[in-house]
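# Close look at the chain arrangement
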Amino acid sequence: MSSSGAAPGRGDKDGKPPMRDALVAAAFRLFLERGYEQTTVDDIVALAGVGRRSFFRYFPSKEDVVFPDHERCLADMTAFLAAGSTDTDPVRRVCDAARLVLLMYAENPTFSVQRYRLTKQVPGLRQYELSVVWRYERALAGYLRARYAGLRDGILRADVIAAAVVAAHNNALRSWLRSDGKEDAEAAVDHALGHVRASFGTEPAPAVSGGAGDVVVIVSRRGAPLWRVVQELEAALGRG
């Protein structure tokens, strides 16, 4: 899940301090002009017109200014999962939770595309992003573990589904970012998460289309291993 308290241009509408926005805007201007490694925190605060203490009040490190909204999104995701009814299909709930990350990226496509390009160029940022993705996955897995508590292989099932949700979401998100934010991000993510719900969900999921006008239906033995169900689905789609 592969971000912005302050993607540039958001201002005060969600209560975030303008200084935080100014720091993010200044940082990305310098990253684009000079390069990430060549830009220092002193450079950023000088351009933003604030002191170093102000920078570290909002961001623990230079890496954090590249991903300013992940903490907020992780908190929103955790709260969303906690508010779910026990009657809700847990797979659908985690898929809906993953969409919160998509919405964060889609709020400011220009900023998200800039960050994607920057992250591809800087190995340290890629590692940082992987650590953030792991935290999202752990939040999803934690919710699923609680829902599947007491079931045989409940922890295994929870971890496998959480990993599948993250993989499907990120596959669609990266495709959207590679299009420079021009494709339909929500449609791409919904399609990808539809595969997860079709494979693991307990309620009817959106039909997984193999092409215009085609609907793929699979029949699997009750109690079949999850890997077998996924394998049958991939075979039906011609992706085995």
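If you're wondering where the values come from, they're calculated on a predicted model, not measured in any experiment.

## A few points about the overall build of the protein chain
Across its full length, the protein chain holds 11 helices and 0 strands. Each helix and strand of the protein chain, placed in order from N terminus to C terminus, yields the pattern α-α-α-α-α-α-α-α-α-α-α. With 240 residues in all, the protein chain has 43% of them scored as buried.

## Considerations on the pattern of salt bridges
The full count for this structure, using the stated rule, is 14 salt bridges. Residues Glu-107 and Arg-72 are paired through a salt bridge, measuring 3.5 Å at the closest nitrogen-oxygen approach. Of this pair, Glu-107 sits in the loop between α6 (90-106) and α7 (109-121) while Arg-72 is found in helix α5 (residues 70-82), placing the two residues 35 residues apart along the sequence. For Glu-107, a relative accessible area of 47% corresponds to the partly exposed category. Exposure remark for Arg-72: the relative accessible area of 25% places this residue in the partly exposed category. The shortest N-O distance in the salt bridge between Arg-117 and Asp-180 comes to 2.7 Å.

## What to know about helix α9 (residues 154-178)
Here α9 spans 36 Å end to end across 25 residues, near enough to the 36 Å set by a 1.5 Å rise per residue. A positive phi of about 65 degrees marks Asp-180, the residue just after α9.

## Thoughts on the packing of aromatic side chains
Per the counting criterion, the structure on display carries 7 aromatic pairs. Ring plane angle 15 degrees and centroid distance 5.1 Å describe the contact between Phe-67 and Tyr-128, whose orientation is recorded as stacked. Of this pair, Phe-67 sits in the loop between α4 (62-66) and α5 while Tyr-128 sits in helix α8 (residues 123-147), and the two are 61 residues apart along the sequence. These aromatic residues form a ring-pair network of at least three members: Phe-28, Phe-31, Tyr-36 and Phe-111. Taking NZ or CZ as reference, Arg-93 lies 3.7 Å from the ring centre of Phe-80, over its face.

## Quick word on the confidence of the model for the protein chain
On average, residues of the protein chain score 84 in pLDDT, and 78% of them reach the 70 mark or higher. Within the protein chain, α9 carries the highest mean pLDDT (96), whereas helix α11 (residues 226-236) carries the lowest (59). Low pLDDT, under 50, characterises residues 9-16; the stretch is placed with 14 contacts to residues that sit more than four places away or in other chains. Below a pLDDT of 50 lies the segment residues 207-213, which in the model reaches 11 contacts outside its immediate sequence neighbourhood of four places, other chains included.

## Regarding the packing of α6 against helix α10 (residues 185-200)
Packing of α6 against α10 leaves a shortest axis separation of 10 Å and a crossing angle of 160 degrees. Our classification of the angle between α6 and α10 gives roughly antiparallel. Two packed elements cross with a definite hand, and for α6 against α10 that hand is right-handed. Judged by residue contacts, Val-91, Arg-92, Cys-95, Ala-98, Arg-99, Leu-102 and Leu-103 of α6 engage Ala-185, Glu-186, Val-189, Asp-190, Leu-193, Val-196, Arg-197 and Phe-200 from α10. Taken together, the residues that form the contact of α6 with α10 break down as 10 nonpolar, no polar and 5 charged.

## Focus on the packing of α5 against α8
Interaxial distance between α5 and α8 falls to 10 Å at its minimum, and their mutual angle equals 10 degrees. Judged by the angle between their axes, α5 and α8 are roughly parallel. Between α5, through His-70, Glu-71, Cys-73, Leu-74, Met-77, Thr-78 and Leu-81, and α8, the contact on the second element is made entirely by Val-132, Arg-135, Tyr-136, Ala-139, Leu-140 and Tyr-143. Its residues placed into classes, the contact of α5 with α8 shows 9 nonpolar, 2 polar and 2 charged.

Cut-offs and rules
- Counting restarts for each chain: residues are numbered from 1 in the order of the written sequence.
- In keeping with the predicted nature of the model, local features appear solely for residues at pLDDT of at least 70, side-chain atom pairs appear and are counted solely at 80 or more, and the whole-chain, interface and lining totals rest on all residues.
- Each side-chain value is derived from all of the structure's non-hydrogen atoms; neither hydrogens nor water enter the calculation.
- For helices the rule is a DSSP run of H or I covering at least 4 residues; for strands it is a run of E covering at least 2, with both sets numbered from the N terminus onward.
- Partly exposed describes any residue whose relative accessible area lies between the buried limit of under 20% and the exposed limit of over 50%, with all areas from a 1.4 Å probe on protein chains only and scaled to the type maximum.
- Whenever a carboxyl oxygen of Asp or Glu lies within 4 Å of a side-chain nitrogen of Lys or Arg, that contact is scored as a salt bridge.
- Given the number of residues in a helix, its expected span is that number minus one, multiplied by 1.5 Å.
- Any pair of Phe, Tyr and Trp rings, taking the six-membered ring for Trp, is counted once the centres come within 6.5 Å. Such a pair is stacked with planes under 30 degrees apart, edge-to-face with planes over 60 apart, and tilted for the rest.
- Throughout this description, the term charge over a ring refers to an Arg CZ or Lys NZ atom that lies within 6 Å of the ring centre and within 35 degrees of the ring normal.
- Values of pLDDT, which run from 0 to 100, indicate the predictor's confidence residue by residue.
- Should any heavy atoms of two residues lie within 4.5 Å, those residues are considered in contact.
- Each axis is a line fitted through C-alpha atoms, taken for helices only over the stretch in contact, and angles between the N-to-C directions span 0 to 180 degrees.
- To sort the angles, those under 35 degrees are grouped as roughly parallel, those over 145 as roughly antiparallel, those from 65 to 115 as roughly perpendicular, and the leftovers as oblique.
- Crossings are assigned a handedness: left-handed for a near helix turned anticlockwise from the far helix by less than a right angle, right-handed for a clockwise turn.
- Three classes are used, and their members are as follows: Ala, Val, Leu, Ile, Met, Phe, Trp, Tyr, Cys and Pro are nonpolar, Asp, Glu, Lys and Arg are charged, and the others, Gly among them, are polar.

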